[in-house]
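Coordinate inspection notes
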Amino acid sequence: MEPHEFFAALVWGGLFLLLLVGIPIQLVAKFRRMKRRRNARICRICGFRFLRKDPHATCPSCGARNE
């Protein structure tokens, strides 16, 4: 194997690994962000950020109802 063939194989191997590993990781991270954004709330009274578990969530900091 000559040097230019080795470096070409190295570049193609890197691109293949990017497609095989990098893209699925980015997709999973995007889905996790979307799920967290759906469940995230900010209290209207004190501004505390929390995750809601039910539709009528109360703020864990001040106890205000955030619907």
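Cut-offs and rules
Residues numbered from 1 in each chain as written. Predicted model: local features only at pLDDT ≥ 70, side-chain atom pairs only at ≥ 80, totals over all residues. Heavy atoms only, no water. Helix = DSSP H or I, 4+ residues; strand = E, 2+ residues; numbered from the N terminus. Rg over C-alpha atoms; globule rule 2.2 N^0.38 Å. Buried < 20%, exposed > 50% of the residue type's maximum accessible area, 1.4 Å probe, protein only. Contact = heavy atoms within 4.5 Å. Areas by Shrake-Rupley, 256 points an atom, 1.4 Å probe, with all protein chains shown as cover. Lys, Arg positive; Asp, Glu negative; His and termini not counted. Charge placed at Lys NZ, Arg CZ, Asp CG, Glu CD. Expected span 1.5 Å × (residues − 1). Bend = angle between axes of the 7 residues up to and from the residue. Phe/Tyr/Trp six-rings, centres within 6.5 Å; stacked < 30°, edge-to-face > 60°. pLDDT = per-residue confidence, 0-100.

Within the protein chain, the regular secondary structure consists of one helix and four strands. Counted from the first residue to the last, the protein chain has its helices and strands arranged as α-β-β-β-β. Computed over C-alpha atoms, the radius of gyration of the protein chain comes to 23 Å, more than 25% over the 11 Å expected from 2.2 N^0.38 for 67 residues, which places it beyond the range of a compact globule. Oriented by its inertia axes, the alpha-carbon framework of the protein chain measures out at about 70 × 20 × 10 Å. Here the protein chain, with 67 residues, has 9% of them falling under the buried criterion. A separation threshold of at least 6 residues defines the contact pool for the protein chain, and within that pool the share at least 24 residues apart is 2%. With the model as given, the accessible surface of the protein chain reaches about 6100 Å², and the carbon-plus-sulfur share is 64%. Taking the 13 positively charged and 4 negatively charged side chains of the protein chain as two groups, their mean positions are separated by 20 Å.

Its 37 residues give helix α1 (residues 3-39) an end-to-end C-alpha distance of 53 Å, which sits within 8% of 54 Å, the value for a rise of 1.5 Å per residue. Considering bend angle alone, the principal kink of α1 is centred on L18 and spans about 30°.

Before going further, it helps to spend a moment on the packing of aromatic side chains. A full pass over the atoms with the stated rule returns one aromatic pair. A centroid spacing of 5.4 Å and a plane angle of 65° characterise the contact between F6 and F7, whose relative ring orientation is edge-to-face.

Reading predicted coordinates in detail is not appropriate for stretches of low pLDDT. For the protein chain, the average pLDDT comes to 88, and 99% of its residues sit at 70 or higher. Looking over the protein chain, one finds the lowest element-wise mean pLDDT in strand β4 (residues 65-66), namely 80, and the highest in α1, namely 92.

Looking now at the environment of A40. Following the sequence through the fold, A40 ends up in strand β1 (residues 40-42). Of the residues examined, A40 reaches a relative accessible area of 36% and is grouped as partly exposed. For the pair A40 and A9, spaced 31 residues apart in sequence, the C-alpha to C-alpha distance is 45 Å. With sequence-adjacent residues up to four places away left out, A40 is seen in contact with F50 and L51.

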